[in-house]
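This is what each chain is made of:
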Amino acid sequence: MTRLRIAAGMLGATMVAAALVPGSAQAASAQASAACSLTLGTVTVQGDHKFQTITATSPVTAGTPVVRPKGLFPVDQVRLASSLGWEPDPPSAMLSRGYVTIGTDLYRFSYAIDNSTGQLDPTSYVKSKVGGGWIHQTYLDQSTFYGTRTRTNTYALQDDVITRWTVEGSAWRNKAAYSGFSAVKTMALISQTATYDSFLANTRGGALYTIRIPVSGAPVVKKVRTSTWQTFDTLIAERCGKQSTLLLGIDKDTRTGYLYAVSHANGVATVIKGLGKVGNQLVGPEDKTYFRYFAGSSEADDLLYGE
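Residues numbered from 1 in each chain as written. Predicted model: local features only at pLDDT ≥ 70, side-chain atom pairs only at ≥ 80, totals over all residues. Heavy atoms only, no water.

**Q** Can you explain the nonpolar core? Please cite residues and give values.
**A** Counting residues in each nonpolar core, the largest one holds 18 residues, and the members touching the most others are L38, L40, L248, L259 and L282. Listing elements by their share of this core, those giving two or more residues are β2 (37-44), β19 (234-240), β20 (244-251) and β21 (256-262). Broken down by element, the residue count for this core peaks at 3 residues, all from β20. (Core = buried A, V, L, I, M, F, W, Y, C linked by side-chain atoms within 4.5 Å. Buried < 20%, exposed > 50% of the residue type's maximum accessible area, 1.4 Å probe, protein only. Helix = DSSP H or I, 4+ residues; strand = E, 2+ residues; numbered from the N terminus.)

**Q** Describe the packing of aromatic side chains, and please don't skip the residues or the numbers.
**A** On inspection of all chains with the given rule, the structure shows 13 aromatic pairs. Relative to Y293, the ring of F51 has its centre 4.4 Å away and its plane inclined at 45°; by these criteria the two rings are tilted. Remark: Y293 occurs in strand β23 (residues 287-295) and F51 occurs in strand β3 (residues 49-55); sequence separation between them is 242 residues. Summarising the aromatic geometry, the rings of F73 and F109 are spaced 5.1 Å apart at their centres and angled 80° between planes, so their arrangement reads as edge-to-face. Here F73 is found in the loop between β5 (66-67) and β6 (78-81), whereas its partner F109 is found in strand β9 (residues 105-114), with 36 residues between them in sequence. Judged by relative accessible area, F109 falls into the buried class, the value being 6%. Chaining the aromatic ring pairs together yields one cluster made of Y99, W134, W165 and W172. (Phe/Tyr/Trp six-rings, centres within 6.5 Å; stacked < 30°, edge-to-face > 60°.)

**Q** Break down empty space enclosed by the protein for me, citing the residues and quoting the values.
**A** Size it by volume and the largest cavity reaches roughly 40 Å³. For the largest cavity, the full set of lining residues is I190, L200, T210, V224, T245, V262, S263, A265, T270 and G306. In the lining of the largest cavity, the residues fall into 5 nonpolar, 5 polar and no charged. (1 Å grid on protein atoms, 1.4 Å probe; cavity = no way out; pocket = protein on both sides within 12 Å on 5 of 7 lines; lining within 4 Å. Points joined across faces, edges and corners; volume = space filled by probe spheres on them. Nonpolar A, V, L, I, M, F, W, Y, C, P; charged D, E, K, R; others polar.)

**Q** Break down the pattern of salt bridges for me, with residues and values.
**A** Close approach of charged atoms allows side chains of opposite charge to pair. For the coordinates displayed, the defined rule picks out 12 salt bridges. A salt bridge links R97 to E87; its shortest N-O distance comes to 2.8 Å. With a gap of 10 residues between them, R97 in strand β8 (residues 93-102) and E87 in strand β7 (residues 84-89) connect regions that are remote in the sequence. A relative accessible area of 24% means that E87 is categorised as partly exposed. Through salt bridges with shared partners, a single ionic network connects K50, E286 and D287. (Salt bridge = Lys/Arg side-chain N within 4 Å of Asp/Glu carboxyl O.)

**Q** Describe unusual backbone geometry, with residues and values.
**A** The linkage connecting R68 with the following residue, P69, adopts the cis geometry, with an omega of -10°. Its place among the elements puts P69 in the loop between β5 and β6. Look at the link from P90 to P91: it is a cis peptide, with omega at 10°. Positionally, P91 belongs in the loop between β7 and β8. The phi dihedral of N174 is positive, around 55°, even though this residue is not glycine.

Pasting the structure below:
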């Protein structure tokens, strides 16, 4: 196990990529031409999927939530959800794949939505158990890098340990554990390359860090901010332009969300611009957990590159 140390005391508008490169002169001179957006996915208490598009206009725009499919999972049983990737499923459907924890078990699932009706194809829904022991984990996600060689890794945070698995088909292997992350409250995947994945993590003390986990070697941790980030229970990130990030922070206690434009991460030199509160209907009492909804095929060119 690789041990780092992130102690609690230490980790204390329209948006375009051009406006997010580090450097105030570039940011000030860049003119917005197209708004970036992300799609927030939710698993509700009822076991439904809910989707809402958040756009970085001024003020921030939140689309009308769409609830479908309904009743995918047992009522009030899902605790964690990975990002959900979608891809075309010819001739006339859209296929989505992801992971959830139900009770103490981890499941992978997939389903297809008929494009002509907007409804679930009931014959397409598949849910299979990956394994047990998913009791104390507080974060779950999977990253797939498409390149000369496709690489898929799943990550989980439990206590002070980030665990990574290599996933090949239904097999999970090459488990690696990195300790020293006891202060981390939650994380969001912000970068996927051939040689590393990177996360943006906030701490209970209010700090914001990047955590780069290479294919081989120890994680590289860089401080981005020292305070004010402790309120967010969930972070959702989406690529904006080629190398910047649209970041949504959700505070479930106050049922509020805030949107940020984040430049290509570079430690404390990272530029972060607050874009504002996301309406009043973003976080509902029926929401159980949140996830990123994204184009997940190799042809989509939707890889994150925020660090």
